[in-house]
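Each chain is listed here by its residues.
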Amino acid sequence: MAWTSLVASLALTAAFSGVANAAATIPAKHLCPDGKNSASNPKCCALFPVLEDIQANMFGDSGCGDAAHATLRVAFHDAIGFSQHNPKSGTGADGSIFIFAEQELSYDANLGIADAFNLEAPFIEKHKGNISVADFIQFAAAVGLTKCPGVLQPPFHLGRVDAKIPAPDGTVPEPFQSAQTILERMADGGLTAADTVALLASHSIAGADDVDPDATGVPFDSTPALFDTQFYLETLLVGNKTLGGSQNKGEEDTPIKGELRLQSDFELARDPVTACLWQANVNNQALMAFAFQQSFFKMQSLGQNVAKMTDCSEVIPAVAKLSAAQAQAFFPPTFTSKDVQKTCILPLPHLPTKPGPAESIPSM
Ligand code: HEM
Ligand SMILES: *[C@@H]1O[C@H](CO)[C@@H](O)[C@H](O)[C@H]1NC(C)=O
Ligand SMILES: *[C@@H]1O[C@H](CO)[C@@H](O)[C@H](O)[C@H]1NC(C)=O
């Protein structure tokens, strides 16, 4: 039996037999130089001072709010600067978005990313030497995700190599592009249609500052502080022009006042390639969270050599929990299954309608 599988089976035996002191069978943790934290791989020790600092001073007690949203979005925009076919498209999750901020932040698709830069830059500067820019961006996103109830424990591997070249304009998908164009760009970067749909769970904890010039913090679903499946349902509802929307580039008619619908989300929810993948998430919290966890790990490693990285997932704090009641998807007030614009032929689960008059969603 190979050593690794021996260790794994011993660890499993210990876990299942309820051994209280498993120190003899589980690989010993190394005490870190700080004298208080420990890690299976000493390389992971470098993350504890960064974690403590960003928890206290970058995220603070804002929960699944602006900082968690901003760190997640920039992690995607950095990582997708990559092509499996064209080395000039960038080197993936490589920190280039901040290292070459002067260039990359001028791209149309990166409008608003300056907020993430201003938030993260002082911490990157302070901890440089102990963590690469590339690792910091992905680490911050993973830590931010733990604040959003419903997320499954994000893995985190350390050891990304920082960029030597910027990503060119055009690697980040835009909300006015067709589903096909977006899926082709994602596939070129190494992400399948299933990955794309899974990763868009991020839009369940998101909103727009710059799509509608007259409104900031406009959420993409009615529960932007929860990593729940409402986003996948609400994007399928029939839109209503009189509620605002579709007058801006990349925006579609919204079903609910105060909610913003991206044209890209509208299209991916209805495109024959993605509609059933999309709909499968509705009221299936376990599927959504698992698929996101897997595709997020893939996204975080684009262009990087995972074999050379160190698994430091144990440093990521425990995730916030979603209650069973919060995991239940529902039609917003006044909506029923009749308002669903279905292209997937599979049945939609039966869902309750939230009681009350038509809602207006507050901005974030
Ligand atoms: C694939 C096509 C995608 C398109 C076209 C797209 C487009 C957008 C747009 C236009 C915004 C609003 C920006 C603003 O006006 O402030 C946004 C926000 C956001 N996106 Fe995406 N996105 C995509 C995929 C993703 C992925 C894969 C992730 C993460 C894994 C992500 C995470 C976010 C987050 C967290 C926000 C909210 C940022 C905040 O509130 O500060 N997006 N996206
Ligand atoms: C970087 O790591 C070293 C060694 O663990 C530590 O002494 C130092 O304080 C760290 N720097 C910062 C800014 O945390
Ligand atoms: C659209 O919204 C307006 C304003 O709330 C409402 O009066 C109208 O009935 C809605 N139309 C549809 C088709 O739901």
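Note that the structure is predicted; figures quoted are calculated from it, not measured. (Residues numbered from 1 in each chain as written. Chains lettered and ligands numbered in written order. Predicted model: local features only at pLDDT ≥ 70, side-chain atom pairs only at ≥ 80, totals over all residues. Heavy atoms only, no water.)

How should the overall build of the protein be read in this particular structure?
Across its full length, the protein holds 14 helices and eight strands. For 364 residues, the compact-globule formula gives about 21 Å, and the C-alpha radius of gyration of the protein, at 21 Å, lands near that figure. Taking all 364 residues of the protein together, 51% fall into the buried category. In the protein, 70% of the contacts between residues at least 6 apart in sequence involve partners at least 24 apart. Just so you have it, the protein exposes about 16400 Å², and 60% of that area is on carbon and sulfur atoms. (Helix = DSSP H or I, 4+ residues; strand = E, 2+ residues; numbered from the N terminus. Rg over C-alpha atoms; globule rule 2.2 N^0.38 Å. Buried < 20%, exposed > 50% of the residue type's maximum accessible area, 1.4 Å probe, protein only. Contact = heavy atoms within 4.5 Å. Areas by Shrake-Rupley, 256 points an atom, 1.4 Å probe, with all protein chains shown as cover.)

Please explain the site of ligand 2 as it appears in this structure.
If you check the shell around ligand 2, you find Pro-49, Lys-126, His-127 and Asn-130 and nothing else. In isolation ligand 2 exposes 360 Å². Once the protein is present, 42% of that is buried. Partitioned by chemical class, the residues of the shell around ligand 2 number one nonpolar, two polar and one charged. (Near = heavy atom within 4 Å. Nonpolar A, V, L, I, M, F, W, Y, C, P; charged D, E, K, R; others polar.)

So what exactly am I meant to see when it comes to the site of ligand 1 here?
Surrounding ligand 1, one finds 24 residues, the nearest of these being His-69, Ser-202, His-203, Asp-209 and Asp-210. Asp-210 is positioned such that a nitrogen or oxygen atom in its backbone is 2.8 Å from an oxygen atom of ligand 1. Between ligand 1 and Val-211, the relevant distance is 3.4 Å, taken from an oxygen atom to a main-chain nitrogen or oxygen of the residue. The set of elements that each furnish at least two residues to the shell around ligand 1 consists of α3 (66-79) and β4 (207-208). Considering every element that reaches the shell around ligand 1, the biggest residue donor is α3, with five residues. Residues that form the shell around ligand 1 fall into these classes: 15 nonpolar, five polar and four charged. (Polar contact = N/O pair within 3.5 Å; in protein donor to acceptor, adjacent residues only side chain to side chain.)

Just to check I follow, could you spell out a negative patch on the surface for this structure?
On the surface, a cluster of negative charge is contributed by Asp-66, Asp-115, Asp-209 and Asp-210. Assignment of secondary structure puts Asp-66 in helix α3. (Patch = residues over 30% accessible without salt bridge, like charges linked within 9 Å, V, L, I, M, F, W, Y side chains within 5 Å. Salt bridge = Lys/Arg side-chain N within 4 Å of Asp/Glu carboxyl O. Lys, Arg positive; Asp, Glu negative; His and termini not counted. Charge placed at Lys NZ, Arg CZ, Asp CG, Glu CD.)

What is the right way to read the environment of Ile-54 from this model?
Inspection of the secondary structure puts Ile-54 in helix α2 (residues 47-59). Note on Ile-54: relative accessible area 0%, which makes it buried. The sequence separation of Ile-54 and Ala-140 amounts to 86 residues, and the corresponding C-alpha distance is 7.8 Å. Apart from the residues lying within four places of it in its own chain, the contact partners of Ile-54 are Phe-59, Gly-60, Phe-123, Phe-136, Phe-139, Ala-140 and Val-143.

How do you make sense of the confidence of the model for the protein when you look at a structure like this?
Reading predicted coordinates in detail is not appropriate for stretches of low pLDDT. The predicted model of the protein averages 93 in pLDDT, with 93% of residues at 70 or higher. Residue range residues 1-24 is modelled with pLDDT below 50. Its contacts to residues more than four positions away, or to other chains, number eight contacts. (pLDDT = per-residue confidence, 0-100.)

Help me understand the state of the cysteines, please; the structure alone is not making it clear to me.
Disulfide: a covalent bond formed between the sulfur atoms of two cysteine residues. The final tally for this structure, using the stated rule, is four disulfides. A disulfide bridge connects Cys-44 with Cys-312, and the sulfur atoms are separated by 2.1 Å. Sign of the S-S torsion, about -85 degrees for the bond between Cys-44 and Cys-312, identifies this disulfide as left-handed. One end of the pair, Cys-44, is in the loop between β2 (38-39) and α2; the other, Cys-312, is in the loop between β8 (310-311) and α14 (324-327), with 268 residues separating them in the sequence. Each member of the pair, Cys-44 together with Cys-312, is buried. A sulfur-sulfur distance of 2.1 Å marks the disulfide that ties Cys-276 to Cys-344. One disulfide, between Cys-276 and Cys-344, carries an S-S torsion of 100 degrees and so falls in the right-handed class. Of this pair, Cys-276 sits in helix α12 (residues 275-279) while Cys-344 is found in the segment after α14, placing the two residues 68 residues apart along the sequence. By relative accessible area, which is 32% here, Cys-276 ends up partly exposed. Here the cysteine-cysteine linkages of the protein are recorded as 1-3, 2-7, 4-5, 6-8, numbering only bonded cysteines and doing so in sequence order. (Disulfide = S-S within 2.5 Å.)

What am I meant to see in the side chain of Asp-94 here?
In this fold, Asp-94 is placed in the loop between α3 and α4 (96-99). Buried within the structure, Asp-94 lacks any salt-bridge partner; its nearest side chain of opposite charge belongs to Arg-160, at an N-O separation of 9.1 Å. Apart from residues no more than four positions distant in its own chain, Asp-94 is found in contact with Asp-78, Ile-99, Ala-134, Val-161, Asp-162, Ala-163, Ile-165 and Gln-304.

Just to check I follow, could you spell out the packing of helix α6 (residues 113-127) against helix α7 (residues 133-145) for this structure?
The description of two helices packed together rests on the angle between their axes and the distance between the axes. Put simply, α6 and α7 touch, their axes get as near as 11 Å, and they point 130 degrees apart. As judged from the angle between their axes, α6 and α7 are oblique. Between α6 and α7 lies a crossing of right-handed hand. Here Glu-120, Phe-123 and Ile-124 of α6 come into contact with α7, specifically with Val-133, Phe-136, Ile-137 and Ala-140. Residues that form the contact of α6 with α7 fall into these classes: six nonpolar, no polar and one charged. (Axes fitted to C-alpha atoms, helices over the stretch in contact; angles between N-to-C directions. Parallel < 35°, antiparallel > 145°, perpendicular 65-115°, else oblique. Left-handed = near helix turned anticlockwise from the far one by under 90°.)

Help me understand the UniProt feature "active site" (unreviewed entry) in the protein in this model?
UniProt's entry tags His-77 with the feature "active site" (unreviewed entry), counted in the numbering of this structure. With respect to the helices, strands and loops of the structure, His-77 is situated in helix α3. For His-77, a relative accessible area of 6% corresponds to the buried category. Filtering out sequence-adjacent residues up to four positions away, His-77 remains in contact with Ile-97, Ala-109, Asn-110, Ile-113 and Val-172. (UniProt positions renumbered as here; feature names shortened; annotations may be inferred.)

Honestly, the packing of aromatic side chains in this entry has me stumped. Any pointers?
The description of an aromatic ring pair rests on the distance of the ring centres and on the angle between the ring planes. Per the stated rule, a full pass over the model turns up seven aromatic pairs. Seen from their ring centres, Tyr-232 and Trp-278 are 5.1 Å apart, and the 75 degrees between their planes marks the pair as edge-to-face. Of this pair, Tyr-232 sits in helix α10 (residues 230-234) while Trp-278 sits in helix α12; the two residues are 46 residues apart in sequence, bridging distant segments of the chain. Exposure class is identical for Tyr-232 and Trp-278. Each is buried. Judged by centre distance (5.2 Å) and plane angle (20 degrees), the ring pair of Phe-292 and Phe-296 falls under stacked. With Phe-292 and Phe-296 both in helix α13 (residues 285-300) and four residues apart, the pair spans about one turn of that helix. Given the relative accessible area of 3%, Phe-292 is considered buried. Taking relative accessible area as the criterion, Phe-296 reaches 1% and is therefore assigned buried. The ring of Phe-176 is capped by Lys-249, whose NZ or CZ atom sits 4.0 Å from the centre of that ring. (Phe/Tyr/Trp six-rings, centres within 6.5 Å; stacked < 30°, edge-to-face > 60°. Lys NZ or Arg CZ within 6 Å of the ring centre and 35° of its normal.)

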